[in-house]
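Working through the structure, step by step
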Number of protein chains: 2
Amino acid sequence: MSKVSLPQGMRDFDAETVQKRNYILTTIRKVFELNGYQPLETPAMENLDTLMGKYGDEGDKLIFKILNNGLNDPKNIEKANTGFAAMMEGKNNASLTERALKYDLTIPFARHVAMNRGTINFPFKRYQVQPVWRADRPQKGRYREFTQCDADVVGSKSLWNEAELAGIYHNVFSGLGLNGYVLSINNRKILSALAEACGGANFFIPITIAIDKLDKIGIEKVQEALVAAGLSADQTDFVTKYLQISGNNAEKMQLVQELLKDFPEAIKGLEELKFVLHNSHEANIEVDFTLARGLNYYTGIIFEAKAPAGVKMGSIGGGGRYDDLTGLFGVPDVPGVGISFGVDRIYDVLEELQLFPASIEQNIKALIFYMGEASAEYCFKLVQKLRANNISCEFYPEQVKMDKQFKYADKKNIPFAVIIGEKEMETNTLNIKKLSTGEQQTIETKDLVDFLDKN
Amino acid sequence: MSKVSLPQGMRDFDAETVQKRNYILTTIRKVFELNGYQPLETPAMENLDTLMGKYGDEGDKLIFKILNNGLNDPKNIEKANTGFAAMMEGKNNASLTERALKYDLTIPFARHVAMNRGTINFPFKRYQVQPVWRADRPQKGRYREFTQCDADVVGSKSLWNEAELAGIYHNVFSGLGLNGYVLSINNRKILSALAEACGGANFFIPITIAIDKLDKIGIEKVQEALVAAGLSADQTDFVTKYLQISGNNAEKMQLVQELLKDFPEAIKGLEELKFVLHNSHEANIEVDFTLARGLNYYTGIIFEAKAPAGVKMGSIGGGGRYDDLTGLFGVPDVPGVGISFGVDRIYDVLEELQLFPASIEQNIKALIFYMGEASAEYCFKLVQKLRANNISCEFYPEQVKMDKQFKYADKKNIPFAVIIGEKEMETNTLNIKKLSTGEQQTIETKDLVDFLDKN
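Below: a short report on this structure. Predicted, not measured: the structure shown is a model, and the values here were computed from it. (Residues numbered from 1 in each chain as written. Chains lettered and ligands numbered in written order. Predicted model: local features only at pLDDT ≥ 70, side-chain atom pairs only at ≥ 80, totals over all residues. Heavy atoms only, no water.)

1. Examining the relation of the copies chain A and chain B
- When chain A is fitted to chain B, the residual RMSD is 0.1 Å, and the transformation amounts to a turn of 180° plus an axial shift of 0.0 Å. Such a turn and shift between the copies fits a two-fold axis. Identified as the residue of chain A closest to the rotation axis by C-alpha distance is Ile66(A), at 2.2 Å.
- Both copies share a contact surface, since 100% of the interface residues of chain A are interface residues in chain B too. (Least-squares fit on C-alpha atoms with pLDDT ≥ 70 in both. Contact = heavy atoms within 4.5 Å.)

See below:
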């Protein structure tokens, strides 16, 4: 007999969970579409080649690889042996595993753009909502299959895109009732100028990586990391001064302007921030010069969205501008900017703040009880009529005690029980009971559609 | 540089394709929900154990297996070698591949029911719309990743479920404009009686398999198969007589009743067919005694849906009643009935019959042109206002020739171009051009929302 369990880090989503997830996804999709982004879907599998080497050594290890089929077929045995030996030496080998599950949506998107560059209508605004897979160690809030939700525009360097994306964050979060969200914003150009001020471009990556960890490890450990990366005491002090800048958005920008006034890239970076702020009146934007974003491909404005104060949760979204999406696939000069929503985390935040509307789970309006063979056909015709009138409902399909039918309705969050015995059938009436209050009334059958529409 | 291609049998879905697929899926989901079915989602991966041995030897070979991660880690080398050796001998081995991609939705559903039987509210009406993966040889209309779309009710033996499912077929197909669909129906109880009439229950499977191929191989080859299975000439003649029954539904049922009058199971099967026919007034049901359905687990009513006459396409849906969904996982007595829609095939049929509504692709209503830096902020505020009024629209994000902006709108099927230069900005007017006709007019900016809502 088969073992009845799910693989580690994998989840079934029951009806309530699917409905709540769909509420989030529908809200996000709707906003993407209002902004002119169009859907793209890529397959679960990519060629292993397409994925390997794109996420760093650690990422490579977390990619789920798919075993080629038919390896034990006599004609494949040699290939299989060679492939297995290579894999054990830590090399990829298409004769053992040609394919792998996608690890994020960005690389498959880049692959799609590279493959279809001749026919794509640039600027290309696409959104993508799909699962990805990572062989990470499962833990609370981290799963091996999870949904990513990305919007990118590629083929345009205009900052109007950044302003639009800030607006998308605002409209999604306020649409979900998360009015207290904060959208942190910074510009990698300023971090680049900071590196220049501290000795040169070769410090850019170590400085960025160190700053990115500030929240988790604190300023002292960041200073240690900077020293370890080769910064002098003066340079480390300079970075510390930068990281300690505080005040409101205007004050902080003024202080950075003074600190990095000799570096044209910093001035450019600040201008870009001002542009986005000026054109995003509604969004709750907080300029945060300590925001770095780990990924190396960001080159301009970067975003990170945080849950309302009081909810313990890391970032619930992030993104930024990159110069070169498809260079890895031999297609240069495709700049773009994109954002992402963390659906699983947003789910947890809405749950914690009790922000899911109660109506989500009440999609079935009525259960018509089974009261015996004599009235069954009459009842079945009635449910079919309700459905034709766009009312979700059920007919309990067989003879069981009424108590059991009430329990069934209750567990399924069905608000109304409709009871039609032979007497009611003959008089074209029915008894309708509201399960939450126990309130019961008799109405004419022809009025049921109206009654359920209004209640 | 990475090879830029997709794995064999895998597809990217561009915006138009996603929108058309969503049109189908939304129609199906809507009907499922009207009928009280609720969504379930299971992960892409299952334990290999859960899947192997459920689909026959041929099926087992088509399951995509996932290589365990970290096999070349020194501590795993021995396990990896053992696992690889076992796999090469055709055995499954969890030390090489613990997991696999799901092959259909039925087995994961059975696994879910077995795991959650204590908390599930029976009769359990669930629907599931998810991709599955098979390492089949790709060919026209057959992909290695495709979407299945199932509705099942388990924990109920009532025939009202069958009547409801027939209604679901009708409402989905008529909702998609496929009014000429045909829903073939038969009962495995009648096939069982036929086997009994031909010498016994041990002929049930060979007879079913032979009949299932009738459409493809013709009556003579079916007869050969029956003889090869051990049926006598008389018995083969009897099956032939059964297969040649013709007429309208009532006439055919009458003829089967006469032919199999001595077999109570046939009489029971006919009664069930009559019940479903009687309670499915709307559905285009055709009783087809040659319908067999290949899968062995069906035990009662079986369905197969066909595209309207004139479209060359196999079945676009199918299903039936089974006695024991979860027996394989050690949980007996969970009878049920389910149906499935073939989304990829329905897509092809709608495309061939040109039944996709034109409105599907026109989701972005207007492109506001970029006419220079002076009016950009004004235009951006206007698009944000349109979006707040639920109108999908775009602001072209940078300075390019108008011709290029027209082409962009055209390729993206955007019906209206909105042009606001400095003069229009000062007078709060705008020029709006309908791209399909070239018709252009000047309106006040405050009237734009109304104009786009009405056009």
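2. Some thoughts on the sheet that holds strand β5 (residues 124-133) of chain A
Residues and elements named next belong to chain A.
- If you trace the eight strands from one edge of the open sheet to the other, you get β1-β5-β6-β11-β10-β9-β7-β8, paired in mixed fashion. The sheet terminates laterally at β1 (38-39) and β8 (285-287), the two strands that pair on one side only.
- The pairing of strand β9 (residues 298-306) with strand β10 (residues 315-322) spans six bridges and is classified as antiparallel. The residue bridging Ile 302 from the neighbouring strand is Gly 320, located in β10.
- Across the face of the sheet, helix α1 (residues 15-34) comes into contact with β1, β5, β6 (145-154) and β11 (336-342) while running at roughly 5° to β6. (Pairing = 2+ DSSP bridges. Helix = DSSP H or I, 4+ residues; strand = E, 2+ residues; numbered from the N terminus. Axes fitted to C-alpha atoms, helices over the stretch in contact; angles between N-to-C directions.)

3. Some points on helix α9 (residues 214-228) of chain A
All names here are of chain A.
- Under the 1.5 Å per step criterion, the end-to-end length of α9 is only 15 Å for 15 residues, more than 12% shorter than the ideal 21 Å.
- At Glu 220, α9 is deflected by roughly 75°, the largest bend along its length.
- Of the positions making up α9, those classed as buried are Leu 214, Val 222 and Leu 226.
- Of the surrounding secondary structure, the elements contacted by the buried residues of α9 are α8 (204-212) and α10 (233-243).
- Note on α9: the residue one or two positions beyond its end, Gly 230, has a positive phi of about 105°. (Expected span 1.5 Å × (residues − 1). Bend = angle between axes of the 7 residues up to and from the residue. Buried < 20%, exposed > 50% of the residue type's maximum accessible area, 1.4 Å probe, protein only.)

4. Let's talk about the side chain of Asn47(B)
- Tracing the backbone through its elements, the reader meets Asn47(B) in strand β2 (residues 45-47).
- Among the polar contacts made by the side chain of Asn47(B), one reaches the side chain of Ser5(A) at a distance of 2.9 Å. (Polar contact = N/O pair within 3.5 Å; in protein donor to acceptor, adjacent residues only side chain to side chain.)

5. Some remarks on the sheet that holds strand β13 (residues 393-395) of chain A
All names here are of chain A.
- A sheet is described by the order of its strands in space; here five strands give the open sequence β13-β12-β14-β15-β16, paired in mixed fashion. Each of the sheet's edge strands pairs with one partner strand only, and the pair in question is β13 and β16 (440-444). Taking each pair of neighbouring strands and ignoring which way they run, the sheet shows an average axis angle of 25°.
- Two strands pair when backbone bridges link them, and strand β15 (residues 429-434) and β16 are joined in this way by five bridges, in the antiparallel orientation. The partner of Leu 430 across the bridge, within β16, is Ile 443.
- Contacts from helix α14 (residues 373-388) reach β12 (366-368), β13 and β15, with the element oriented near 165° to β13.

6. Points about the packing of helix α7 (residues 188-197) of chain B against helix α8 (residues 204-212) of chain B
Residue and element names in this part refer to chain B.
- Contact geometry of α7 with α8 gives a least axis separation of 9 Å together with a crossing angle of 120°. Taken together, the axis directions place α7 and α8 in an arrangement best described as oblique. As for the relative orientation of α7 and α8, their crossing is right-handed in sense. On α8, the residues touching Arg 188, Leu 191, Ser 192, Leu 194 and Ala 195 of α7 are Phe 204, Ile 207, Thr 208 and Ile 211.
- Class assignment of the residues belonging to the contact of α7 with α8 gives a composition of six nonpolar, two polar and one charged. (Parallel < 35°, antiparallel > 145°, perpendicular 65-115°, else oblique. Left-handed = near helix turned anticlockwise from the far one by under 90°. Nonpolar A, V, L, I, M, F, W, Y, C, P; charged D, E, K, R; others polar.)

7. Quick notes on the pairing of strand β10 (residues 315-322) of chain B
Residue and element names in this part refer to chain B.
- Of all eight residues that make up β10, seven are buried, and the element is covered over most of its length.
- In the sheet, β10 pairs with strand β11 (residues 336-342) via six bridges, with the strands oriented antiparallel. Bridge pairing in β11 places Gly 318 opposite Ser 340.

8. A few points about unusual backbone geometry
All names here are of chain A.
- Cis geometry marks the peptide bond from Phe 122 to Pro 123; its omega dihedral reads -10°.
- Looking at where Pro 123 falls in the secondary structure, it is placed in the loop between α5 (106-115) and β5.
- Unlike most non-glycine residues, Asp 333 shows phi in positive territory, near 60°.
- Structurally, Asp 333 can be placed in the loop between β10 and β11.
- With phi around 70°, Asn 390 is a residue other than glycine that occupies positive phi space.
- Structurally, the position occupied by Asn 390 is in the loop between α14 and β13.

9. Quick look at the nonpolar core
- In terms of nonpolar packing, the biggest core is built from 73 residues, with Ile207(A), Tyr242(A), Phe289(A) and Phe341(A) touching the most fellow members.
- Ranked by residues supplied to this core, first place goes to helix α6 (residues 160-175) of chain A with six residues.
- Filtering out sequence-adjacent residues up to four positions away, Phe289(A) remains in contact with Asn186(A), Ile190(A), Leu191(A), Tyr242(A), Ile245(A), Lys252(A), Met253(A), Val256(A), Leu270(A) and Leu273(A).
- Judged by nonpolar contacts, the second largest core, of 72 residues, contains Ala166(B), Ile168(B), Leu214(B) and Ala283(B). (Core = buried A, V, L, I, M, F, W, Y, C linked by side-chain atoms within 4.5 Å.)

10. Comments concerning the pattern of salt bridges
- One pass over the structure, following the stated rule, counts 50 salt bridges over all chains.
- Note that Glu164(A) and Lys125(A) form a salt bridge whose closest N and O atoms lie 3.0 Å from each other. Separated by 39 residues along the polypeptide, Glu164(A) in helix α6 and Lys125(A) in strand β5 bring together distant segments of the chain.
- Judged by its relative accessible area of 5%, Lys125(A) falls in the buried class.
- Its salt-bridge partner being Asp447(B), residue Lys446(B) comes within 3.4 Å of it at the nearest N-O pair. (Salt bridge = Lys/Arg side-chain N within 4 Å of Asp/Glu carboxyl O.)

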